[in-house]
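Residue strings, one per chain:
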Amino acid sequence: MKNFYFIVLAVLFAGFVSAQSTHTIDFEPAGTGADWSWTVTENGDNPPLEFVANPENAGINTSATAAKFIARAAGNPWALCFTDDDGEFTFDATNAIVKIMVYKPNVSNVAVKFEGMSPAVEIQIPNTLTDQWEELTFD
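All residue numbers here refer to positions counted from 1 along the written sequence of the relevant chain. Under the rules for a predicted model, residues below a pLDDT of 70 receive no local features and side-chain atom pairs below 80 are neither given nor counted, while totals for whole chains, interfaces and linings still include all residues. Side-chain metrics rest on all non-hydrogen atoms present in the structure, leaving aside hydrogens and water.

S.K.: Explain the pairing of strand E10 (residues 121-126) to me, please; I cannot follow it from the model alone.
M.R.: The two faces of the sheet receive side chains in turn, since in a regular strand these alternate between them. Paired strands, as defined in this entry, are two strands with at least two bridges between them according to DSSP. Strands are runs of DSSP state E lasting at least two residues, helices are runs of H or I lasting at least four, and both sets are numbered from the N terminus onward. In this structure, strand E9 (residues 109-114) lies alongside E10, joined through 6 bridges in antiparallel fashion. Bridged to Phe-114 within E10 is Val-121. The hairpin turn running from E9 into E10, its antiparallel successor, is 6 residues long, and Gly-116 in that turn takes a positive phi close to 100°.

Put into structure tokens, the structure is as follows:
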């Protein structure tokens, strides 16, 4: 069983209200994301996404809370969690960068997938650090 903390999806969406604004999903109790409905699928018995104390709240991620996704050994290689609670938005040249912070015990691909366009867009990149926060950028 692998613990995968992420502060996004700490997904930092580079805007969808106006050019170059940011939209942060931070999982803090009074913030954005913790009260959304999250679905875990393709992951063995599909344990729920948890909101836990940040395992290392120094350095690049000083938030108090992180989302914890546990990838089960019995799950598929593409085990995932997602939400529809962030609503719809349109990507363009001014807001096409998505950043997430991950804290993982091993190096493996991290993917983001955006649906609602044809075809859906999925980008995978590996983390390079273990047992510490790393910011990954998806363009």
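S.K.: When you look at the side chain of Asn-54 in this model, what are you seeing that I'm missing?
M.R.: Locating Asn-54 in the fold gives a position in the loop between strand E5 (50-53) and strand E6 (65-71). At a separation of 3.1 Å, a polar atom in the side chain of Asn-54 contacts the main-chain carbonyl oxygen of Asn-61. Between N or O atoms, a polar contact is any pair within 3.5 Å; within protein, one atom must be a potential hydrogen donor and the other a potential acceptor, and residues adjacent in sequence are included only when both atoms are from side chains.

S.K.: Would you explain the pattern of salt bridges in this entry?
M.R.: Pairs may arise between side chains of opposite charge once their charged atoms sit close together. Any carboxyl oxygen of Asp or Glu that lies within 4 Å of a side-chain nitrogen of Lys or Arg is treated as forming a salt bridge with it. Taken as a whole and assessed by the stated rule, the structure comprises 3 salt bridges. When the shortest N-O distance is used, the salt bridge between Lys-99 and Glu-135 registers 4.0 Å. Here Glu-135 lies in strand E11 (residues 133-138) and Lys-99 lies in strand E8 (residues 98-103), a separation of 36 residues in the sequence. Buried residues are those whose accessible area, probed at 1.4 Å on protein chains only, stays under 20% of the maximum for their type, while exposed residues exceed 50% and partly exposed ones sit between those limits. Relative accessible area serves as the criterion here: at 29%, Lys-99 is assigned to the partly exposed category. The partner of Lys-113 in a salt bridge is Glu-115, with the nearest N and O atoms 3.5 Å apart.

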